[in-house]
Amino acid sequence: MSDPLAMTASLVLPASRRAELAELLATHRERLLRMVRFRMDRRLAGRLDPEDVLQEAFVQADQRIEHFPQGSDDESGGLSAFIWLRLIVEQTLIDVHRRHLGAQRRDAGREVSLAKPASPVATSQSIAGRLVGAITSPSQAALRSEREAQLAATLAKLSDLDQEVLALRHFEQLSNSEVAAVLGIETKAASIRYVRALKRLKELLTESGGLSYA
Amino acid sequence: MREPLELLADEFVTERRRGASISVEAYADAHPDLADEIRELFPLIDTLESASTHDEQAAPLATFKRPERLGDIEIVRELGRGGMGIVYEGVQSKLGRKVAVKVLPQQTLFDQRRLERFEREARTAGSLTHPHIVPIYSVGHAEGLHYLVMPLVEGVGLDHLLTAVAEGATEVRIASGLPLAVPAHNSAEYWKLAAQLALGAAEALAAAHQHGTLHRDIKPANLLVDRHGAAWVTDFGLAKAMQGDDLSRSGELVGTLRYMAPEQFRGECTPQSDLYALGLTLFEVLTLRPAFPQEQPSEAIRAITQQSVPAPRSINPAIPRDWETLVLKLAAREPQDRYASAELLVADLRRMIAGEAIQARPLRPMERGARWAKRNPLVAGLGFALVLVSVAAVMVTAALLRPPPIEQLAPPSPGGESDFAEPRLRPPLGPPGRGPGPWRGPPNQRPRNGPRQGRPPGELPPRPPQPV
């Protein structure tokens, strides 16, 4: 909202659209924040507050309110509105990465050996980072974090699409139809993809002689 | 049409996020046609879900800013942090008393049911009053934080103290900044301090067990040593209180892995499990290294459940024989081979301190054999003869080696045996190339979010996402 031009542009839109947007933001705030935390470069973790990234994305959304999908209160309209908003957050995050890590991008590129990720903001590294957690006192947690470390290594072996499906479902907490919309596939296909990704992950874990998960 | 398994997974995850108590088995039972896939994939889903919330749990602790005050407590400074939260020194303004405030990691008590259980457990454990137990004054929450208020013990964690001993330090700073003299390892004063600490902890356990409370997480970090060399057992029952809802089929597993008794991996926790953990703690006091130094949880579990604790004197020959017998009895793999109660341990420690013969023997063959046969009538017939032969051998050995009382055994501190033993006492800090080994520094110096030590080959270090 700091750009005065943007404000005048959006002021001419009906007030109801902006109210709709505000409501949408409130509804999905938690999950979008999750997404930012999950996909934000860990080198920025201490420097940037995910809330600020979200704030910036909301300003962006407000500026582009004329593209805000119609009828966001019905079911399919609500879905596309969320997908639209999520896309804006994703683009904002890419901008933020460019701005803060521009000079270091080559370093990042050297570390990342995977093929081009399905999402502009890589998934597998985020998963790996998330999974290598600190060991806490209760031993179950210790066991769990070893499992997770192993899981991280195995996840990286999955195809990009498989990784993305699992990340969207579990890390961003998207529903099946939201995953379908983000990936541009049918809900049935998304459903099959998800089960397949889980099975593939299980297979790879078994192959690598991992800990038993049962 | 969505995949039936995907629909169930969706339901499972939704319930899990709501904090409902759900089990993989219940799902498998309710859907027999998909049971195999459920048993195979749902635990994986569980791990994915817990991983996705890890960061939210860990991050606030790492970047957590010290609160100015909590309720009526003014926070003075941070004393340390660990898996169970951050400990601050505070002043309760109304009463003008110094307190220790333990702030729990956020999100661990995310649902009402767990919170209530935690408060209940903390109150039960906190109601223990004993000269060697750190009581809990109150449980509170303010500004979204949950915390425990305890008296401030002017002392230092035993883990910290042992690190100082291993480094050959002559003193260590305690909470108030005052120095606490550290006796040299293997000196007469050292064994005296060890006995005093062991006795205090054993008395605390005896009192708690009488009260029907188990500690479940005895370890060096949970034994505080005050300026008079007295032991204070802290975090009574907290492991249980902090335990999450168990989702998998595995039994109850609470406590710190390295000190957990073998039976705890089968879901049994008894007073003998606390005695075992105290035995492993004392093992470290004697040898300055953990009985099971494995760094990978799975390796540690394998070692604990399949191997016996090594004889302390094989690591440090300067250890008095009675000490070794006592620790091996505490750390016996079978619970019934340990002391039958903490009181009996107290009695033996008193004998040891008084220079009398302790009652513990390397083995109690007949009793053990008989008990075992009762439990395993079928196998007993086959194995009993063999057991008899080996216990007979041990009995003879025990009789021959029956050690004199501790006083006579205390090694001359400078020179002689202890000099000889010296090079073996400082183990290399962990396996080569593995970074800091078994001796962790004081808890507040441990990295929380950094890459874990001893990463196995093939495990990915955390990597940043690729900006495009």
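Residues numbered from 1 in each chain as written. Chains lettered and ligands numbered in written order. Predicted model: local features only at pLDDT ≥ 70, side-chain atom pairs only at ≥ 80, totals over all residues. Heavy atoms only, no water.

(A) View of the overall build of chain B. On a plain count of helices and strands, chain B comes out with 16 helices and 11 strands. Residues classed as buried in chain B amount to 53% of the 468 residues present. Approximately 20,600 Å² of chain B is accessible, and the part contributed by carbon and sulfur atoms is 55%. (Helix = DSSP H or I, 4+ residues; strand = E, 2+ residues; numbered from the N terminus. Buried < 20%, exposed > 50% of the residue type's maximum accessible area, 1.4 Å probe, protein only. Areas by Shrake-Rupley, 256 points an atom, 1.4 Å probe, with all protein chains shown as cover.)

(B) The arrangement of the side chain of B:Asp235 in detail. Residue and element names in this part refer to chain B. Looking at where aspartate 235 falls in the secondary structure, it is placed in the loop between β11 (231-233) and α7 (238-242). Judged by relative accessible area, aspartate 235 falls into the buried class, the value being 7%. In terms of polar contacts, aspartate 235 uses its side chain to reach the side chain of lysine 102, at 2.8 Å. (Polar contact = N/O pair within 3.5 Å; in protein donor to acceptor, adjacent residues only side chain to side chain.)

(C) View of the confidence of the model for chain B. Averaged over every residue, the pLDDT of chain B is 73; residues scoring 70 or more account for 66%. Counted against residues more than four places away or in other chains, residues 364-468 of chain B, with its pLDDT under 50, gives 165 contacts. (pLDDT = per-residue confidence, 0-100. Contact = heavy atoms within 4.5 Å.)

(D) Summary view of the sheet that holds strand β10 (residues 223-226) of chain B. Residue and element names in this part refer to chain B. The 3 strands are arranged β7-β10-β11 in an open sheet whose pairing can be described as antiparallel. This sheet does not close on itself; its edge strands, each paired only once, are β7 (155-157) and β11. Each strand of the sheet is rotated relative to its neighbour by a mean of 30°, with strand direction disregarded. Contacts from helix α6 (residues 188-210) reach β10 and β11 within the one sheet, and its direction differs from that of β11 by about 30°. (Pairing = 2+ DSSP bridges. Axes fitted to C-alpha atoms, helices over the stretch in contact; angles between N-to-C directions.)

(E) Highlighting the packing of α6(B) against helix α12 (residues 342-354) of chain B. All names here are of chain B. The contact between α6 and α12 brings their axes to 8 Å, and the two run at 155°. Here α6 is positioned roughly antiparallel relative to α12, judged by the angle of their axes. Judged by the twist between their axes, the crossing of α6 over α12 is left-handed. Contacts from Ala195, Ala198, Leu199, Ala202, Glu203, Leu205, Ala206, His209 and Gln210 in α6 reach Ala342, Glu343, Leu345, Val346, Leu349, Arg350 and Ile353 in α12. In the contact of α6 with α12, the residues fall into 11 nonpolar, 2 polar and 3 charged. (Parallel < 35°, antiparallel > 145°, perpendicular 65-115°, else oblique. Left-handed = near helix turned anticlockwise from the far one by under 90°. Nonpolar A, V, L, I, M, F, W, Y, C, P; charged D, E, K, R; others polar.)

(F) Fine view of the side chain of B:Arg313. Residue and element names in this part refer to chain B. Looking at the secondary structure, you find arginine 313 in helix α10 (residues 312-315). For the buried arginine 313, no salt bridge is present, and the opposite-charge side chain at shortest range is glutamate 324, 4.5 Å distant. A distance of 2.7 Å separates a polar side-chain atom of arginine 313 from the backbone oxygen of isoleucine 319. For arginine 313, the contacting residues outside a window of four places in its chain are Ile319, Pro320, Arg321 and Glu324. (Lys, Arg positive; Asp, Glu negative; His and termini not counted. Salt bridge = Lys/Arg side-chain N within 4 Å of Asp/Glu carboxyl O.)

(G) Spatial organisation of the nonpolar core. The biggest cluster of nonpolar side chains holds 71 residues, and the ones touching the most others in it are B:Leu161, B:Leu278, B:Leu282, B:Trp323, B:Leu326, B:Leu345 and B:Leu349. Among the secondary structure elements, those contributing two or more residues to this core are α5 (158-166), α6, β10, β11, α8 (271-287), α9 (297-306), α11 (321-330) and α12 of chain B. Element by element, the count of residues in this core is highest for α6(B), at 14 residues. By size, the runner-up hydrophobic cluster in this structure holds 33 residues, among which are A:Leu151, A:Tyr194, B:Ile22 and B:Leu48. (Core = buried A, V, L, I, M, F, W, Y, C linked by side-chain atoms within 4.5 Å.)

(H) Representation of the pairing of strand β6 (residues 145-151) of chain B in the model. All names here are of chain B. Of all 7 residues in β6, 7 are buried, a share of seventy percent or more. Because side chains alternate across β6, one face comprises the buried residues Leu145, Tyr147, Val149 and Pro151, and the other comprises His146, Leu148 and Met150, equally buried. Pairing analysis gives 5 bridges linking strand β4 (residues 97-103) to β6, with the strands arranged antiparallel. What sits directly across from alanine 100, in β6, is methionine 150. Alignment of strand β5 (residues 138-142) against β6, held across 5 bridges, turns out to be antiparallel. Note that in β6 the partner of alanine 142 across the bridge is leucine 145.

(I) Seen up close, the environment of B:Glu167. Mapped onto the fold, B:Glu167 is located in the loop between α5 and β8 (171-173). Taking C-alpha positions, B:Glu167 is 9.9 Å from B:Ala184, a pair spaced 17 residues apart along the chain.

(J) Quick look at the packing of aromatic side chains. Counted according to the given criterion, the structure contains 5 aromatic pairs over all chains. When the centroid spacing of 5.3 Å and the interplanar angle of 90° are considered together, the rings of B:Phe12 and B:Tyr27 count as edge-to-face. Taken together, the residues B:Phe12 in helix α1 (residues 4-17) and B:Tyr27 in helix α2 (residues 24-30) connect sequence positions 15 residues apart. Note on accessibility: B:Phe12 and B:Tyr27 belong to one class, buried. One aromatic cluster is present, formed by B:Phe12, B:Tyr27 and B:Phe42 through successive ring pairs. Directly above the aromatic system of A:Tyr194 lies the positively charged group of A:Arg169, at a separation of 4.2 Å from the ring centroid. (Phe/Tyr/Trp six-rings, centres within 6.5 Å; stacked < 30°, edge-to-face > 60°. Lys NZ or Arg CZ within 6 Å of the ring centre and 35° of its normal.)

(K) Examining the environment of B:Ile86 more closely. All names here are of chain B. With respect to the element layout, isoleucine 86 can be found in strand β3 (residues 85-92). Isoleucine 86 sits in the buried class, given a relative accessible area of 1%. Sequence spacing of isoleucine 86 and leucine 104 is 18 residues, and the spatial spacing of their C-alpha atoms is 6.7 Å.

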